[in-house]
Amino acid sequence: MKQDSLAKFIKRIQKVWGPLSTEVVEQAQVILEDLTKASSSEPWLLELLNGFEGSRELYRDPVHGFILLAHTEKKDLYRVPHDHGNGWVIYAVQKGEMEMGIYASLPGENEEPKIVRREKYRVQAGESKIYLPGDIHDTKCISDFVLMFRLTSLDLKEELGAGRMRRF
């Protein structure tokens, strides 16, 4: 029986997953970018492209704890600069275009951090960006519609609940 691209993604990512390293991140990025090239005729992807709004968990690994989510966004939706605590993520655009920036945190007045944008770039369908623990970034949907996959190394809701994630 022929496997769909989501099942292939799961099988491939499980084989390469391990503690954070250059090799794991690079291999995960290639595998996630391959998923963005899935045929829109596959039922799971067709459902996401036709009317789905918001965020949906596509897979949670019971052994390694990584999570694959799908997000849809509409033009001009902006997510303020933030990090992912102890987690790392890869954002991959399946359809549409995002603008993303990366920031440095500098000492500010009254012990409040001051952030300065280091770089801003566009991420188009088939492309991805990696954010490691502590990396501060923002996102903005610049096309009418975006379908994006987000691979997280752990459950970000737990990071947020523990106060390790920061929003600026």
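Residues numbered from 1 in each chain as written. Predicted model: local features only at pLDDT ≥ 70, side-chain atom pairs only at ≥ 80, totals over all residues. Heavy atoms only, no water.

Engineer: Looking at this structure, how should I read the overall build of the protein chain?
Structural biologist: When helices and strands are counted, the protein chain shows four helices and nine strands. From first element to last, N terminus to C terminus, the protein chain shows the α and β order α-α-α-β-β-β-β-β-β-β-β-β-α. Its C-alpha radius of gyration of 16 Å places the protein chain within 12% of the 15 Å reference for a compact globule of 168 residues. For the C-alpha atoms alone, the extent of the protein chain along its principal axes is close to 60 × 35 × 25 Å. The buried share of the protein chain, reckoned over its 168 residues, is 45%. (Helix = DSSP H or I, 4+ residues; strand = E, 2+ residues; numbered from the N terminus. Rg over C-alpha atoms; globule rule 2.2 N^0.38 Å. Buried < 20%, exposed > 50% of the residue type's maximum accessible area, 1.4 Å probe, protein only.)

Engineer: What is the right way to read the pattern of salt bridges from this model?
Structural biologist: Where charged atoms of side chains with opposite charge meet at close range, the side chains can pair. On inspection of all chains with the given rule, the structure shows nine salt bridges. With a shortest N-O distance of 3.3 Å, Glu53 and Lys74 are connected by a salt bridge. Taken as a pair, Glu53 in the loop between helix H3 (43-49) and strand S1 (55-60) and Lys74 in strand S2 (residues 67-74) lie far apart in primary sequence, 21 residues in all. Take Glu53: its relative accessible area is 58%, and that puts it in the exposed class. Between Arg79 and Glu73 there is a salt bridge; the shortest N-O distance is 2.9 Å. Residue Glu73 is classed as buried on the basis of its relative accessible area, which comes to 3%. In this structure, a network of salt bridges that share partners links the residues Glu57, Arg60 and Asp155. (Salt bridge = Lys/Arg side-chain N within 4 Å of Asp/Glu carboxyl O.)

Engineer: Just to check I follow, could you spell out the sheet that holds strand S9 (residues 145-152) for this structure?
Structural biologist: The strands making up a sheet associate through hydrogen bonds between their backbones, and the pairing can be parallel or antiparallel. Pairing is antiparallel across the open sheet formed by five strands, whose spatial order is S1-S2-S9-S4-S7. Where the open sheet ends on each side, the last strands, each with one partner, are S1 and strand S7 (128-131). Between one strand axis and the next, the sheet turns by 20 degrees as a mean value, whatever way the strands run. Inspection of the sheet shows strand S4 (residues 89-95) paired to S9 by six bridges, in the antiparallel sense. Paired with Val93 across the two strands is Met148, which belongs to S9. (Pairing = 2+ DSSP bridges. Axes fitted to C-alpha atoms, helices over the stretch in contact; angles between N-to-C directions.)

Engineer: How do you make sense of the nonpolar core when you look at a structure like this?
Structural biologist: The tendency in soluble globular proteins is for nonpolar side chains to be buried side by side. Grouped together as the largest cluster of nonpolar side chains are 26 residues, with contacts concentrated most on Phe9, Leu32, Phe149 and Leu151. Residue assignment for this core shows that the elements contributing at least two residues are helix H1 (5-16), helix H2 (22-35), H3, S2, S4 and S9. If you tally residues by element for this core, the top one is H2, at six residues. Core analysis: the second largest hydrophobic core is formed by 14 residues, Val123, Cys141, Val146 and Met148 among them. (Core = buried A, V, L, I, M, F, W, Y, C linked by side-chain atoms within 4.5 Å.)

Engineer: What is the right way to look at the pairing of strand S8 (residues 136-141) in this model?
Structural biologist: Each regular strand displays side chains that alternate between the two surfaces of the sheet. The buried fraction of S8 amounts to five of the six residues, a majority that puts the element mostly inside the structure. As judged from the three bridges shared by strand S3 (residues 78-82) and S8, these two strands associate in the antiparallel manner. When the sheet's bridge partners are listed, Arg79 is paired in S8 with Thr139.

Engineer: Explain unusual backbone geometry to me, please; I cannot follow it from the model alone.
Structural biologist: For residues besides glycine, phi is generally negative; the peptide bonds are generally trans as well. Phi angles above zero are rare outside glycine, and Asp76 is one such case at about 75 degrees. Within the fold, Asp76 resides in the loop between S2 and S3. Relative accessible area serves as the criterion here: at 49%, Asp76 is assigned to the partly exposed category.

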